[in-house]
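# Understanding the architecture of this molecule
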Amino acid sequence: MAWVNDNYIIDNNNGPDGDGGIDCYGVDQINVFKNSLVNTGESSIYTATPGCTHMAIWGNDIHNSNEWGIDVTLGASNVTIASNLVNGAHYATMVLWQVSNVTVQYNTMLNGNISGTAPCRSIVVDTVTGYTIDNTNDVDSGPLYCLR
């Protein structure tokens, strides 16, 4: 089991398409929790090919992402995203793309889609199998999630 916790990442900010905060590539059984990420250039927390499996993203404070706040993509599976605060994201506060078996609960998402280019402010869902986004999530306005 890998743990990424109690980090403070600030002003890693040369995006969009720049450096991000915490990136996960092909790790099985990883917990990303209790991190503070402020002014990240890319997505603050990001998964990519090959996807991370059996992953928990919880209790993180994310402010001012220059892409997505939490970006779970490209093969990630069996992911729980819970009890995070995402405040300010260039695109939506969260994106789920080409992933499977994802649960999203107890998150607070504010000030997403600052650029106005994402289809909604909170969670963008695209090509996902087996996901649960429940009403314990709190958003400042608009729908809880949208399909792309």
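Residues numbered from 1 in each chain as written. Predicted model: local features only at pLDDT ≥ 70, side-chain atom pairs only at ≥ 80, totals over all residues. Heavy atoms only, no water.

## Considering the pattern of salt bridges
A pair can form between side chains of opposite charge whenever their charged atoms are brought close. Spelled out, the test is: Salt bridges are counted wherever a side-chain nitrogen of Lys or Arg sits within 4 Å of a carboxyl oxygen of Asp or Glu. Put simply, DSSP marks the helices as runs of H or I at least four residues long and the strands as runs of E at least two long, and each gets a number from the N terminus on. Under the scheme applied here, a residue whose accessible area is under 20% of the maximum for its type counts as buried, over 50% as exposed, and between as partly exposed, the area being computed with a 1.4 Å probe on protein chains only.
Here the structure, examined in full by the defined rule, presents two salt bridges. A salt bridge links R121 to D140, with the shortest nitrogen-to-oxygen separation between them at 2.8 Å. With R121 in the loop between β13 (108–110) and β14 (123–133) and D140 in the loop between β15 (138–139) and β16 (145–147), the pair connects residues that are 19 residues apart, well separated along the chain. The class for R121 is partly exposed, based on a relative accessible area of 30%.

## A few points about the pairing of strand β7 (residues 53–58)
Applied cut-off: At least two DSSP bridges between two strands are needed for those strands to be called paired.
Both strand β4 (residues 28–33) and β7 contribute to a ladder of five bridges, which runs parallel. When the bridges of β7 are listed, D28 appears paired with T53. Two elements, β7 and strand β10 (residues 77–82), share five bridges in a ladder whose sense is parallel. Bridge pairing in β10 places M55 opposite V79.

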